[in-house]
Amino acid sequence: MNWFAITHKKTGHAQVNLFGELGVGAPVEDFIAELRDAEFVDLRVDCPGGDAITGLKIHDDFQLRHVEANILGRCGSASLIATLAAKKISCIDSARLLIPQPAVFAFGNARCLREAADNLDPLAERFELIIACRTVRPIAAVRAWLSTDTFLSAQEALEAGLVAELAGWSGRRTSKP
């Protein structure tokens, strides 16, 4: 099972579902290739996270498109980083977001594992910048979030500036002032 599903609704528009662990079962290159020429992306997320490099590659690709995201449950780790490229982010009021320490999938001998571990520091710096830009918070505050995995409720994510709008099951909407 892939971690994504992409449906092309009409020319230039795609609906993207991220519901599995990013990077498991299919490479990110397959995801990007399947998006093709979609200029507008309706992103739906209920994802625990996944590989940090995959999340960053999706983030970078999404910056070239107009993406609007809806968080329908969990948005953790690498999926949060990917989602933060969206122009507008809303979430249901029962959503949970995870501000992560970056993690990568690694397999191999001691040299390969050391190399993977050494690559985590630059990934953490990218995570810090992405989150700081979205929340307009100082890097020191973002570093505090990243010093441990930080879980936020939908309301806390709204107050932090990670999402712009909450939507309850009743359809009631709350926006950040």
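Here's what I pulled together on the structure shown here. (Residues numbered from 1 in each chain as written. Predicted model: local features only at pLDDT ≥ 70, side-chain atom pairs only at ≥ 80, totals over all residues. Heavy atoms only, no water.)

Glancing now at the pairing of strand β5 (residues 88-92). Counting buried residues in β5 gives 4 out of 5 residues, a clear majority hidden from the surface. Regarding topology, helix α3 (residues 78-83) serves as the crossover connection from strand β4 (residues 66-76) to the parallel β5, and that connection is right-handed. Pairing between β5 and strand β8 (residues 165-167): 3 bridges, direction parallel. Looking at β8, one finds that cysteine 91 is bridged to leucine 166. (Buried < 20%, exposed > 50% of the residue type's maximum accessible area, 1.4 Å probe, protein only. Helix = DSSP H or I, 4+ residues; strand = E, 2+ residues; numbered from the N terminus. Right-handed = clockwise from strand over helix to strand, strands pointing away. Pairing = 2+ DSSP bridges.)

What follows is about the nonpolar core. Among the nonpolar cores identified, the biggest contains 53 residues, and Leu18, Phe31, Leu43, Leu97, Ile131 and Val163 are the most heavily contacted of them. Counting residues per element, this core draws most heavily on helix α5 (residues 120-135), which supplies 5 residues. (Core = buried A, V, L, I, M, F, W, Y, C linked by side-chain atoms within 4.5 Å.)

This paragraph deals with the packing of helix α1 (residues 28-35) against helix α2 (residues 52-62). Put simply, α1 and α2 touch, their axes get as near as 10 Å, and they point 20° apart. As the angle between them shows, α1 and α2 are arranged roughly parallel. Note that α1 runs across α2; the crossing there is right-handed. Here Val28, Glu29, Phe31, Ile32 and Leu35 of α1 come into contact with α2, specifically with Thr54, Lys57, Ile58, Asp61 and Phe62. (Axes fitted to C-alpha atoms, helices over the stretch in contact; angles between N-to-C directions. Parallel < 35°, antiparallel > 145°, perpendicular 65-115°, else oblique. Left-handed = near helix turned anticlockwise from the far one by under 90°. Contact = heavy atoms within 4.5 Å.)

Scope: geometric values only; no functional claims are made or implied.
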